[in-house]
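# Examining the three-dimensional arrangement
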Amino acid sequence: GAGVSQSPSNKVTEKGKDVELRCDPISGHTALYWYRQSLGQGLEFLIYFQGNSAPDKSGLPSDRFSAERTGGSVSTLTIQRTQQEDSAVYLCASSLSAGLRANVLTFGAGSRLTVL
Amino acid sequence: KQEVTQIPAALSVPEGENLVLNCSFTDSAIYNLQWFRQDPGKGLTSLLLIQSSQREQTSGRLNASLDKSSGRSTLYIAASQPGDSATYLCASSNDYKLSFGAGTTVTVRA
């Protein structure tokens, strides 16, 4: 597609429920990234994919968080047993390849998650 | 761990004034430094990317400088307009990971 698409744009859920957030990167971009933006804070790196592999998952906050990428394209971020502190905007980005020496990231509009 | 700080957190200026946004980072071993713009409810738009070997980049009314040795970058926006109102984020990169500051929220008053 022309840009990075994320869905849903807004999600309100009850504490303890599971949620799935979807990211559809720009066609042909092999690298995909997930960041989290909490209120009043900077963006926090969660995980990145090169193809279908995730060389760095170190930013995932807990084992309730997982992500996968299939076919080198769409990625899903899953949060199990959501907690109120999970409320944030989850941003996805993609780039032509993983190295950021010269590759610019293109961000999606984000998925705003509110856990009641 | 890279720490990126942006000062001030918020800025309000009358239309036509020049804007100066500051960004500092603790680890000078960066690949590049990027400036982004974020509008409410929208994703980030890349404004300028300065490679570690460069001192500055310019695009229209925007100019960004980089001083790796002191761990600082500055974004200048000349002759500000109400449409420049947004949050501006700087981010340093090391290989595949961006480290972001918390941003400076700019309001340009007409």
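These numbers come from a predicted model, not from an experiment.

Scoring rules and cut-offs
Residues numbered from 1 in each chain as written. Chains lettered and ligands numbered in written order. Predicted model: local features only at pLDDT ≥ 70, side-chain atom pairs only at ≥ 80, totals over all residues. Heavy atoms only, no water. Pairing = 2+ DSSP bridges. Helix = DSSP H or I, 4+ residues; strand = E, 2+ residues; numbered from the N terminus. Axes fitted to C-alpha atoms, helices over the stretch in contact; angles between N-to-C directions. Core = buried A, V, L, I, M, F, W, Y, C linked by side-chain atoms within 4.5 Å. Buried < 20%, exposed > 50% of the residue type's maximum accessible area, 1.4 Å probe, protein only. Contact = heavy atoms within 4.5 Å. Disulfide = S-S within 2.5 Å.

Here the focus is the sheet that holds strand β7 (residues 65-69) of chain A. Residues and elements named next belong to chain A. Ordered in space as β1-β3-β8-β7, the 4 strands form an open sheet in which the pairing is antiparallel. Here the strands that pair on one side only, and so sit at the sheet edges, are β1 (5-7) and β7. Averaged over all pairs of adjacent strands, the angle between strand axes in this sheet comes to 15°, irrespective of strand direction. Bridge count for β7 against strand β8 (residues 75-79) is 5 bridges, and the pairing is antiparallel. Directly across from Phe65, in β8, lies its bridge partner Ile79.

Nonpolar side chains tend to gather and get buried jointly when the protein is soluble and globular. In terms of nonpolar packing, the biggest core is built from 21 residues, with Leu33, Trp35, Leu75 and Tyr88 of chain B touching the most fellow members. Secondary structure elements with two or more residues in this core: β3 (19-25), β4 (32-38), β5 (44-51), β7 (62-67), β8 (72-77), β9 (86-94) and β11 (104-109) of chain B. Tallying contributions element by element places β3 of chain B first for this core, with 4 residues. Not counting chain neighbours up to four residues away, the residues in contact with Leu75 of chain B comprise Leu19, Val20, Leu21, Trp35, Leu47, Leu48, Leu62, Asn63, Ala64 and Tyr88 of chain B. Of all hydrophobic cores here, the second largest spans 19 residues; its members include Leu21, Cys23, Trp34 and Tyr90 of chain A.

Let us look at unusual backbone geometry. Geometrically, the link from Ser7 of chain A to Pro8 of chain A is a cis peptide bond, its omega value of -10° lying close to zero. Turning to its location among the elements, Pro8 of chain A is positioned in the loop between β1 and β2 (10-13). For the bond from Ile7 of chain B to Pro8 of chain B, the omega torsion is -5°, close enough to zero to count as cis. Positionally, Pro8 of chain B belongs in the loop between β1 (4-7) and β2 (10-14). The phi torsion at Arg81 of chain A lies on the positive side, around 45°, for a residue other than glycine. Structurally, the position occupied by Arg81 of chain A is in the loop between β8 and β9 (88-95). The class of Arg81 of chain A is partly exposed, set by a relative accessible area of 44%. Here the phi dihedral of Ala79 of chain B falls at roughly 45°; this positive angle occurs in a residue that is not glycine.

Further remarks concern the state of the cysteines. Inspection of every chain in the model, using the stated rule, returns 2 disulfides over all chains. Each sulfur in the disulfide pair Cys23 of chain A and Cys92 of chain A lies 1.8 Å from the other. Note on the Cys23 of chain A and Cys92 of chain A pair: the S-S dihedral is about -65°, so by sign convention the disulfide is left-handed. Within this pair, whereas Cys23 of chain A is found in strand β3 (residues 19-24), its partner Cys92 of chain A is found in strand β9, the two being separated by 69 residues in sequence. We classify Cys23 of chain A as buried; its relative accessible area is 0%. Overall, Cys92 of chain A belongs to the buried group, its relative accessible area being 0%. At a sulfur-sulfur separation of 2.0 Å, the disulfide partner of Cys23 of chain B is Cys90 of chain B. Sign of the S-S torsion, about 80° for the bond between Cys23 of chain B and Cys90 of chain B, identifies this disulfide as right-handed. Note that Cys23 of chain B is positioned in strand β3 and Cys90 of chain B in strand β9, a separation of 67 residues in sequence. In terms of burial, Cys23 of chain B and Cys90 of chain B fall into one category: buried.

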